[in-house]
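Overview (structure and organization)
The residues making up each chain are set out below.
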Amino acid sequence: MNKIMKADRAFFYGLVVLALGAFTFYISSSFPDLPEGHPGPGLFPRIIGACLALTGLGLIIFRKKQDVEDHSLDGQWLLVLMLLGIILMYPWLHRFAGFLVALAISVFGVALLLRIIWWKSLVIAVLTTAAIFLLFKQLLQVPL
Amino acid sequence: MTDLFSFQGIMALVLGGFYGAIFGAIPGLTATLAVALFIPIAFFLDPGVALPAIIAISSVAIYAGDVGSTVARIPGTPASAAYFGQLFRLSRKEGPLYSLGISAMGSAVGGVIGALLLILTASLIVMVARQFSSFEYFWIAVLGLMAGVFASGGSALKSFASLLLGLLFATVGVDPTLGFPRFHFGSPQLMGGLNYIVAMIGLFGFSEVLNHVFKPDKDYEAELDTEGNARSFFIRPLLLVVKKKWLVLRSSLVGVMVGFLPGAGADIGSWVSSSIEKIKNKGKAEGEDDDEIILAGTSSNNAAVASAWIPALSLGLPGDTITAIVLGIFMMKGISPGPLLFDQQPGLITSLYLTFIISNIVLLPVFGYMSALMAKKLIKTPMPLLLSVVTALCIVGSYAINNDVYDVWIMAGMGFLAFFLKRGGFPLAQVVLGMVLGPILEQNFMVSAIKSRWDLTSFFDRPIAILLMVMTIIIIYLGVRYSGRMFQKTDIEELTED
Amino acid sequence: MKRTRLSKLFLFGVLLALVGMLSVSCGEGSESSDGFPSRPVTMIVPWAAGGMTDLSSRALAAVLPKHLGVAVNVVNRTGGGGVIGHLALSQARADGYSIGAVTVEITMMHNMGLTDLTYQDYTPLSLMVDNAASITVRADSPFENVQDLIDAIKTNPGSIQASGTSRGGIWDLARIGFLNTIGMQDSDMPWVPSQGAAPALQELIAGGVDVVTASLSEVDALRQAGQVKVLAVMAGERLSEFPEVPTLKEQGIDWQLGGWVAVMAPLGIPDEHKAILVEAIGKTIEDPEFIEALTQAGSNIREIQGLEFMTFLKEEHDKMERSMTLAGLKQGQ
């Protein structure tokens, strides 16, 4: 059972690459041609799509059976999704609360997810934000 | 243009070296990440300060990767992974200052050889490149892509897949030659294309944060005291270098050659060199030749750091991920790399050359000694703390490049992609290579084809173009023939994943 | 263990909600209209640093504070063939503190289906730069004037190739308009796309193409070096900086086109703020400091404001729509 799972992971990667290639090819086949029938903006995406699809096939066909126990995909999925959630919210926070607050909140959240105790996280968030503000905005005049 | 020997210039070198020492020493933080997180700062500095700082960062960081191997048996950067076992064993036997001394002196000598070859060959290549038209640039891009497929050291199929992903990302947005918007799915942000610098911050920086949140690294314990003195750091290793001068020279040249190939860089350089020594010394007892293998790997990876700049400066093509960032900085500053750079900015070129020499002769030994002494403390910096700061820098960095908050999404998406790619054994540098070379390949193909009215035989008309094509075929032939054999023994895939 | 983590995240959520409420409650309001301007003005530039638009805008931003009284910060919002920056300006807050450079591409992008934006989505303040296109050939080219070129195109349609920028870019449209005015087709002098004026000029000198239609200021360095000659400039009258270069109009062809840069604000800014901005920008454009900076950057100043500016924009808009339809570059319909 375990062995099949391992083999399936390589299969899964190959399948995703194959599907991406097919999708790319499909979308780009609607791109217009240049006058006189010469290939236009669709040429390269089509080639890339076809190559991706072939590579995906190759990955499936030539996948190796691994004997080593594979734990690479078990971990804290929930925390990963929460981390992505924080980053997804960043532009929204940035627009409504401004750079300083948005960055401090995001860093605070990330520090919590990295299993840092809450008051330390708060200190890290404030200090990091302050340091970046001083370095970028004040010293280097970066618009933030 | 700020002078290298101004206060600012010297500060950039010193701070860059220090920053590189910290990032290199800590496992999981690579030289590429150090430079990627430096991007937002670099964009707003004078290029005369920013580029020397990047050279200092990368030179010192590649060396400092050995500090992690010495102290905790964890290579600090992938470029150190080729010989970390030997390094650890030697530091138990002869003391960490001696083993790090070998790696610092080897790095310095390798770095200087790489820099000298950079100085010599870059100007030569520029002379040839002045004759280049769109046909030659097309072939150069093809050559770079093919080299990238086989230079990863892992499965050629997987690195081809990574490369294709990069090429696909490069087609997002308005087609620069024909003005047609592609793969934007109605979003004006995507119509602007995917900035490869933003992508790199996600691929190399944010993915580390994701990794750690997903599955925290085991706490590593520093097992060693950094005993020994300056003599065992400087003098004895130097004597060894002199004794093994041919080995050092050979490894440095291998490093230069590998570093020159797009997509390969320091990581692969040290693998090839130390594998050569391992194969040569097959008969010897275990542990006997540790110093030679370390010397080979360490001189080779620093030579590769310098030689990756050869194609970057002379042709505008990146030799590794660090020079890809450098090219991005050039573009943001309105400086076009390639033959014109040597005419327009001779001062900049000279100061870059000087920086390489200074970084390797002065900074490497000084920061090398310092970080060897501080190693124990450095390595104990808690990872979560560092990664919190890294997250903040990733956000600010991706935002500051184009003042667009939605670039933060692109950054995070690329981080998530890297998270999966790493777990599937797909190399990341090839994605960046594809993103950088893709537009060059496509634009020069389209321009050449339209210019010649779709007479495709014109791609085989010009002598330099034919030469480049032949080189491409040779690379494919050698790659197919040797790539599997060379690396199967070392199991590179497993080791470079960390 | 799990419990403490959940409580931490709960804390984080509460904090987030608090900030959300806070920001919504004090986001708007608290802006007094009198005493404009009282804080720095942001100027959005839709093209990359170092380019012509960027240099002109930075020159303006450097001198404008003298006449406006507050600092002006330039922000580059690049990408998407200019769409990103133009969109950002149109979506900026209409309070007069956000202005931006709007370039000739605003009359082109909507035709290509890149965006719905047109000049009508902005409050026009002033035109500042107009770089007229040229007709440039190699120094050893057999063409001595525009008529020679036209004869060659007519006797052997398709044999002469032109370049200057990407397909559908401003200099491509200069070529299309020119061909159209002399009664020829798009394919009679085909376009070789390039990544800008500099690579196109390199191709011209190397013999890869025969004509470059980039702006006169872009080709001027090579013209002075004696490597290219300029047959005509596509302007209404001879440019003051280049009095020896004849116009197309003089040679009997009524076609003008230039790459222009205007200063605009989002739609709907208060009238009194608009008046203050227009006056300050006008003074800046006439300021010797600004004139010197632009001359050094190789740009031609052209100041048009008010009703006349609206007419100019309308004409440009219609002209581009016509040219692009003829060239088959207009998407949809």
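In this text, all values refer to a predicted model and were calculated from it rather than measured experimentally. (Residues numbered from 1 in each chain as written. Chains lettered and ligands numbered in written order. Predicted model: local features only at pLDDT ≥ 70, side-chain atom pairs only at ≥ 80, totals over all residues. Heavy atoms only, no water.)

Quick look at the overall build of chain A
In terms of helices and strands, chain A carries four helices and zero strands. The secondary structure elements of chain A, listed N-terminal to C-terminal, are α-α-α-α. Burial analysis of chain A (144 residues in total) assigns 43% to the buried set. For chain A, the exposed area adds up to about 7,700 Å²; of that, 72% sits on carbon and sulfur atoms. (Helix = DSSP H or I, 4+ residues; strand = E, 2+ residues; numbered from the N terminus. Buried < 20%, exposed > 50% of the residue type's maximum accessible area, 1.4 Å probe, protein only. Areas by Shrake-Rupley, 256 points an atom, 1.4 Å probe, with all protein chains shown as cover.)

Overview of the confidence of the model for chain A
Per-residue confidence for chain A gives a mean pLDDT of 85, with 85% of residues at or over 70. Taking the mean pLDDT of every element in chain A, the minimum, 82, falls on helix α1 (residues 2-28) of chain A and the maximum, 94, on helix α2 (residues 43-61) of chain A. (pLDDT = per-residue confidence, 0-100.)

Considering a nonpolar patch on the surface
All names here are of chain A. Taken together, the side chains of Ile117, Trp118, Trp119, Leu122, Val123, Val126 and Leu127 define a hydrophobic patch exposed on the protein surface, amounting to about 680 Å² of accessible area. If you trace the backbone, Trp118 turns up in helix α4 (residues 118-139). Judged by its relative accessible area of 42%, Trp118 falls in the partly exposed class. (Patch = residues over 30% accessible without salt bridge, like charges linked within 9 Å, V, L, I, M, F, W, Y side chains within 5 Å. Salt bridge = Lys/Arg side-chain N within 4 Å of Asp/Glu carboxyl O.)

Things to note about the interface of chain A and chain B
Tallying the contact residues gives 60 residues for chain A and 57 residues for chain B. In total, about 5,300 Å² of surface goes out of reach between chain A and chain B, with carbon and sulfur atoms giving 84% of it. On the chain A side of the interface with chain B, the three residues burying the most area are Phe44, Ile87 and Leu114 of chain A, jointly 12% of the side's total. Inspection of the region where chain A meets chain B yields zero salt bridges. Examining the composition of the side of chain A that touches chain B, we find that 18 residues originate from one element, helix α3 (residues 77-113) of chain A, more than from any other. Split into classes, the residues belonging to the side of chain A that touches chain B amount to 43 nonpolar, 13 polar and four charged. (Contact = heavy atoms within 4.5 Å. Buried area = accessible area lost by both parts, 1.4 Å probe. Nonpolar A, V, L, I, M, F, W, Y, C, P; charged D, E, K, R; others polar.)

A word on the nonpolar core
One finds Phe206 and Leu313 of chain B together with Phe178 of chain C to be the most contacted residues of the largest nonpolar core, which totals 242 residues. For this core, the leading source of residues is α3 of chain A, giving 18 residues. Look past the residues within four positions of Phe178 of chain C in its chain and what remains in contact with it is Ile135, Val146, Leu149, Ile150, Ile153, Met189, Met234, Leu248, Ile253 and Trp255 of chain C. Ranked by size, the runner-up nonpolar core spans 30 residues in total, among them Leu60, Met128, Leu277 and Leu294 of chain C. (Core = buried A, V, L, I, M, F, W, Y, C linked by side-chain atoms within 4.5 Å.)

What to know about the pairing of strand β9 (residues 228-233) of chain C
Residue and element names in this part refer to chain C. In terms of residue burial, β9 counts as a mostly covered element, since six of its six residues are buried. Across five bridges, the pairing between strand β5 (residues 134-138) and β9 is antiparallel. Looking at β9, one finds that Val137 is bridged to Lys229. (Pairing = 2+ DSSP bridges.)

Side note on the packing of α2 of chain A against helix α7 (residues 156-171) of chain B
The interhelical angle for the contact between α2 of chain A and α7 of chain B, taken along N-to-C directions, is 155 degrees, at an axis separation of 10 Å. Classed by the angle they form, the pair α2 of chain A and α7 of chain B counts as roughly antiparallel. Where α2 of chain A crosses over α7 of chain B, the handedness of that crossing is left-handed. Listed contacts from α7 of chain B to Pro45, Ile48, Cys51, Leu52, Thr55, Gly58 and Leu59 of chain A of α2 of chain A are Leu157, Lys158, Phe160, Ala161, Leu164, Leu165, Leu167, Leu168 and Thr171 of chain B. Taken together, the residues of the contact of α2 of chain A with α7 of chain B sort by class into 12 nonpolar, three polar and one charged. (Axes fitted to C-alpha atoms, helices over the stretch in contact; angles between N-to-C directions. Parallel < 35°, antiparallel > 145°, perpendicular 65-115°, else oblique. Left-handed = near helix turned anticlockwise from the far one by under 90°.)

A short note on the packing of aromatic side chains
Using the criterion set out here, one finds 32 aromatic pairs over all chains in the structure. When the ring of Phe445 of chain B is compared with that of Phe459 of chain B, the centres are 5.3 Å apart and the planes differ by 15 degrees; the resulting orientation is stacked. Taken as a pair, Phe445 of chain B in helix α20 (residues 429-451) and Phe459 of chain B in the loop between α20 and α21 (463-488) lie far apart in primary sequence, 14 residues in all. Considered together, Phe445 of chain B and Phe459 of chain B belong to a single accessibility category, that of buried residues. An aromatic cluster is defined as three or more aromatic residues linked by ring pairs; in this entry it consists of Phe44 of chain A together with Phe135, Phe138, Trp139, Phe445, Trp454, Phe459 and Phe460 of chain B. Sitting over the face of the ring of Tyr97 of chain C, Arg39 of chain C holds its NZ or CZ atom 4.0 Å from the ring centroid. The side chain of Lys319 of chain C reaches across the aromatic face of Trp255 of chain C, ending 5.4 Å from its centre. (Phe/Tyr/Trp six-rings, centres within 6.5 Å; stacked < 30°, edge-to-face > 60°. Lys NZ or Arg CZ within 6 Å of the ring centre and 35° of its normal.)

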